[in-house]
Amino acid sequence: MEIHEKFTEWAVEKGVKINGIRPHRFEGRGLGIIAGRDFKAGETLLTVPLTALRTVYTVSKSLTRSLPKTTTVHCLLATDLLLDTSSTRAPWHAVLPSPSDFKTSMPLLWDPALQSLLPTTAHKLLLNQQRKLKLDWAAVSAAFPNIKYEDYVYRWLLINTRTFYFLSPLPAHQKLHPKNRDDCMAQSPFSDYFNHTSSPSACNVSFSSSGYTITTPARIKKGEEVYISYGNHSNDFLLTEYGFILPETGGGNQWDEIPLDAFILPLFSAKQKERLEERRFLGKYNLDRKEVCYRTQVALRMLVLPMRKWERFVDGLEDMEDEQGAVNRVLGKVLKSLKREVKGKMEELEGLKEDVGMKCQRDMLRRRWMQIEALIQAALDRI
């Protein structure tokens, strides 16, 4: 842990205030933050000043001028990180994840055969990730032809996985305006040690003109791991964007969900789809840990009710509880079809040759499919 001690000293020199917490290696799970003493609710654990952040405003003007004006913040930060060979941030660079860490965990770097077996949501996210990386790499490789693709991808993933949501506190006339929310990002030293939880125990992260502040939501005992939340994300999102999934132990991921569109939309006629679109209930059907979403309940009722009665239900004029049994029968067929697909994907995964990808990658993918299967079975048991 010597490099982490040196980095902690460096962070303090940069104005980071660390109150009773420290980095710790948790067996089988990597690095995180541990409480060095008991904390009361509302105590401040960490403050990171604006001056210690790495943002689009800390990228040199010479680098910015070398790339197109349309270059993303993600790309600028990744390129800046790659080209930074000074000793200024060396202690910070030393504690960042290694290329091999990403190789094992990030689907972007997996064998295409494994990528093709990702769940629907994860696969769509991966395609979008690949699209963004392709555009960023085109800009960087044209401006800096000597940069190696592997070196750039490593930094690109560092920025993708270890940045915080950032909006400039500068006056409006001095701000650079990111094109979308995905580009509102900043590297924040030491706070990037925190692991993610979906439970209410996550510490509060706030941002102001002075920087980031992390405070406790409740009491924390000495020796406990301290978490923050990366957002209300499903395990498919966490897998694709961060390279991990929350296990079912310890409460699991309360925001986990799976899409149902591929199995529900084919049940409707063109006319029914048109009416669903008019009433804004076409698509985006999901199953979470507790139930199918309200949109799904509304849409499935169209299959068991006359159109006029369905309209009255949508308008809130009737509750239609008597039709719940019929809705559940349709839903049961949908879930059983989905369960068969999951079983097929798991069989494909088991049928891959042992030299396809790494064992740890296959194990991660297998665990994810098992989680999805469990969500489906729990829903079937409820109905």
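Nothing here was measured: the structure is a model prediction, and the numbers come from that model.

Attention now moves to the domain arrangement of the protein. Taken as a whole, the protein is organised into domain 1 (2-248) and domain 2 (257-382). Computed over C-alpha atoms, the centres of domain 1 and domain 2 are 33 Å apart. Contact with domain 1, which involves 22 residues of that partner, is made by 20 residues of domain 2. For the pair domain 1 and domain 2, the summed buried area comes to about 1800 Å², and 69% of that belongs to carbon and sulfur atoms. Counting the surface domain 1 buries against domain 2, the share from its top three residues, Leu 114, Leu 117 and Ile 245, is 35%. Inspection of the region where domain 1 meets domain 2 yields two salt bridges. Scanning the region where domain 1 abuts domain 2 turns up six residue pairs in polar contact (both at pLDDT 80 or more).

What follows is about the pattern of salt bridges. On inspection of all chains with the given rule, the structure shows 17 salt bridges. A salt bridge links Asp 192 to Arg 162, with the nearest nitrogen and oxygen atoms 3.8 Å apart. In this pair, Asp 192 sits in the loop between strand S6 (185-187) and strand S7 (195-196) while Arg 162 sits in the loop between helix H8 (149-161) and strand S5 (163-165), placing the two residues 30 residues apart along the sequence. The exposure classification of Asp 192 matches that of Arg 162, with both residues buried. When the shortest N-O distance is used, the salt bridge between Asp 363 and Lys 359 registers 2.8 Å. Placement of the pair is Asp 363 and Lys 359 together in helix H15 (residues 359-382), with a separation of four residues, close to one helical turn. For Lys 359, a relative accessible area of 55% gives the class exposed. Within this structure, Arg 275, Glu 278, Arg 279, Glu 311 and Asp 315 form a network of salt bridges that share partners.

Thresholds applied
Residues numbered from 1 in each chain as written. Predicted model: local features only at pLDDT ≥ 70, side-chain atom pairs only at ≥ 80, totals over all residues. Heavy atoms only, no water. Domains from an automatic or database assignment. Contact = heavy atoms within 4.5 Å. Buried area = accessible area lost by both parts, 1.4 Å probe. Salt bridge = Lys/Arg side-chain N within 4 Å of Asp/Glu carboxyl O. Polar contact = N/O pair within 3.5 Å; in protein donor to acceptor, adjacent residues only side chain to side chain. Helix = DSSP H or I, 4+ residues; strand = E, 2+ residues; numbered from the N terminus. Buried < 20%, exposed > 50% of the residue type's maximum accessible area, 1.4 Å probe, protein only.

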